[in-house]
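Secondary and tertiary structure notes
Residues per chain, in single letters:
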Amino acid sequence: MATTDSTHDVDVLIVGGGIAGLSLASELAGKCRVALVEAEQSLAYHTSSRSAQQLIPSYGPAPVQELTRRTLLTLRGAVDDAGRRLAWPSRFMLVGTAADVAAEAHSGMGHLAPHEARALAPVLREGAFEAAALDTDSVRTDALALIGDHESKARSGGVAIHVGSPVHTAQRVGAGWLVGAGAEGFHALNVVNAAGAWADDLAILFGVERLGLQPFRRTAALVSLAEPLDPDMPMIAAADDSWYFRPDEVGALVSPAETEPSRAEDAVPRPGDVERTIELIRGVAELPVTGILRAWTGLRTSPADGLPVLGFDPEAPGFFWLAGQGGYGFQTSAAMAEDAAGQLLAGAEALRVGVRPVSETERALDPHRLSVRR
Ligand SMILES: Cc1cc2nc3c(=O)[nH]c(=O)nc-3n(C[C@H](O)[C@H](O)[C@H](O)COP(=O)(O)OP(=O)(O)OC[C@H]3O[C@@H](n4cnc5c(N)ncnc54)[C@H](O)[C@@H]3O)c2cc1C
């Protein structure tokens, strides 16, 4: 593949128009020459439009909690151009056996007796659970408003966004990469792999060793209710990971909370999954479901150690990983974008040879750690 007059010269080419790629695009906007390519005809077509939109500070291992804490700092009080709130308080509660709640409740959650939990969520059935724990710092986001906000900031900062542009060819040229994506051609000093469930496939296309990133299915549905839930009721999750539900503008959002390996694909719900989940939830809560309005499945993608991957590839200069966010892609998004931008902007020479990560969290996310490399 040769450069032509129509090849775009950029410092950073971001592959993937989900929350990861778009957060980075808005963070880099105006700071260097950036383009973003998305395979689908619209942004956030895959997992980023299929989440529960909840940001839970106590959820996940320590590096994820740190990224979530920083992301919340940027999102609290933020509004988009139309004045829509990008985040608002929405508590999170675990219920279950005493052993399951003790095992699942991370630091930062307060333990509740069943009657205290029922006072916050009267739909919970008396005697249906032994223990509960509450995260009062959890927030809800509006995923599509947040995506739109990043898109708008990126575009106004000069980022060229190309949808319908799957990367199909890539080769190393000098200090960078020559990349074909849809009808476009790019000469990029750095390529950011924000390809979600396809991150390992994209690496292979670039001749870069994969990291063992595994997509896992997770389904959710919006259901209508005979009686609306109190909108201030916490999101409630079974401590044994068998379901969760929360109030939603149209009724309730429910999920079987499954974590089932999948290939990278446009995943769809399996018949009966949502109905079985509603039955399970009804064992613990009075949820007067009148119908299933919409159901969907997305892919949560993680490496073997369950931590996201952020940093330059150890063996392929100019190939940067921003992947493996699993079930934490929204709650870690702003902090991951900030750290990724910090590494990418660390200087021309550093851009070429790769920058060593600096903070403890960045070290924990560095792709060097993954055993598939050894
Ligand atoms: C049911 C469910 C509930 C969830 N709830 C939450 C929650 O409450 N809070 C939270 O923080 N997270 C949640 N998550 C996880 C969160 O949605 C993900 O971590 C996040 O969306 C991942 O974003 P991403 O940008 O990495 O991936 P994606 O949104 O999948 O974006 C990757 C993009 O890359 C594109 N792409 C792939 N290959 C190429 C190529 N060759 N060329 C060009 N483009 C390419 C794809 O088309 C895709 O659009 C949930 C997930 C699910 C499924």
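The rules behind the values
- Residues numbered from 1 in each chain as written.
- Predicted model: local features only at pLDDT ≥ 70, side-chain atom pairs only at ≥ 80, totals over all residues.
- Heavy atoms only, no water.
- Domains from an automatic or database assignment.
- Contact = heavy atoms within 4.5 Å.
- Buried area = accessible area lost by both parts, 1.4 Å probe.
- Salt bridge = Lys/Arg side-chain N within 4 Å of Asp/Glu carboxyl O.
- Nonpolar A, V, L, I, M, F, W, Y, C, P; charged D, E, K, R; others polar.
- Helix = DSSP H or I, 4+ residues; strand = E, 2+ residues; numbered from the N terminus.
- Buried < 20%, exposed > 50% of the residue type's maximum accessible area, 1.4 Å probe, protein only.
- Near = heavy atom within 4 Å.
- Polar contact = N/O pair within 3.5 Å; in protein donor to acceptor, adjacent residues only side chain to side chain.
- Areas by Shrake-Rupley, 256 points an atom, 1.4 Å probe, with all protein chains shown as cover.
- Pairing = 2+ DSSP bridges.
- Axes fitted to C-alpha atoms, helices over the stretch in contact; angles between N-to-C directions.
- Parallel < 35°, antiparallel > 145°, perpendicular 65-115°, else oblique.
- Left-handed = near helix turned anticlockwise from the far one by under 90°.

Looking now at the domain arrangement of the protein chain. Taken as a whole, the protein chain is organised into domain 1 (7–49 + 143–213 + 305–373) and domain 2 (92–135 + 214–302). Look at where the C-alpha atoms of domain 1 and domain 2 centre, and you get two points 32 Å apart. On the domain 2 side, the residues contacting the 14 residues of domain 1 number 10 residues. Buried area between domain 1 and domain 2, summed over both chains or domains, comes out near 960 Å², and the portion from carbon and sulfur atoms is 56%. On the domain 1 side of the contact with domain 2, Thr47, Ala197 and Leu213 bury the most area, a combined 41% of that side's loss. There are 0 salt bridges connecting domain 1 and domain 2. For the side of domain 1 that touches domain 2, a count of residues per class yields 4 nonpolar, 9 polar and 1 charged.

Attention now goes to the pattern of salt bridges. This model, assessed by the stated rule, comprises 19 salt bridges. The salt bridge involving Asp200 is made with Arg210; its shortest N-O contact spans 3.9 Å. In this pair, Asp200 sits in helix H6 (residues 199–205) while Arg210 sits in the loop between H6 and strand E13 (214–225), placing the two residues 10 residues apart along the sequence. Asp200 gets classed as buried once you look at its relative accessible area, which sits at 8%. Judged by its relative accessible area of 40%, Arg210 falls in the partly exposed class. For the salt bridge of Asp248 with Arg246, the shortest nitrogen-to-oxygen distance reads 3.1 Å. Residue classification places Arg246 among the buried positions, given a relative accessible area of 1%.

Our next topic: the site of the ligand. Taken together, 37 residues sit near the ligand, with Glu38, Ser48, Gln54, Gly326 and Phe330 positioned nearest. Contact distances for the ligand include 3.0 Å between a nitrogen atom and a backbone N or O atom of Ala39. Side-chain polar atom of Ser48 to an oxygen atom of the ligand: 2.5 Å apart, as the coordinates give it. Protein chains shield 94% of the accessible area of the ligand, which is 1000 Å² for the free molecule. Residue composition of the shell around the ligand, by class: 15 nonpolar, 17 polar and 5 charged. Looking at the shell around the ligand, you find at least three residues from each of domain 1 (7–49 + 143–213 + 305–373) and domain 2 (92–135 + 214–302).

Right, let's get into the pairing of strand E5 (residues 92–96). Among the 5 residues of E5, 5 are classified as buried, and the element is accordingly described as predominantly covered. Bridge analysis of E5 against strand E7 (residues 131–135) gives 5 bridges, and the strand direction is antiparallel. Bridged to Met93 within E7 is Leu134. In this sheet, strand E14 (residues 235–238) lies alongside E5 in parallel orientation, the contact comprising 4 bridges. When the bridges of E14 are listed, Phe92 appears paired with Met235.

The interhelical angle for the contact between helix H1 (residues 19–28) and helix H8 (residues 333–344), taken along N-to-C directions, is 55°, at an axis separation of 8 Å. Considered as vectors, H1 and H8 are oriented oblique to each other. Along this stretch, H1 crosses H8, giving a crossing that reads as right-handed. Of the residues in H8, those in contact with Ile19, Ser23, Leu24, Glu27 and Leu28 of H1 are Ser333, Ala337, Glu338, Ala340, Ala341 and Leu344. Classifying every residue of the contact of H1 with H8 by side-chain character gives 7 nonpolar, 2 polar and 2 charged.

Next up on the list: the sheet that holds strand E8 (residues 139–141). The 3 strands are arranged E3-E8-E4 in an open sheet whose pairing can be described as antiparallel. Each of the sheet's edge strands pairs with one partner strand only, and the pair in question is strand E3 (54–55) and strand E4 (87–89).

Once that is clear, we can look at the environment of Arg140. In this fold, Arg140 is placed in strand E8. Between the C-alpha atom of Arg140 and that of Gln54, which follows or precedes it by 86 residues, the distance is 4.6 Å. Not counting residues up to four positions away in its chain, the partners in contact with Arg140 are Ala52, Gln53, Gln54, Leu86, Ala87, Trp88, Ser90, Arg246, Pro247, Asp248 and Glu249. Side chain to side chain, Arg140 and Glu249 meet in a polar contact 3.4 Å long.

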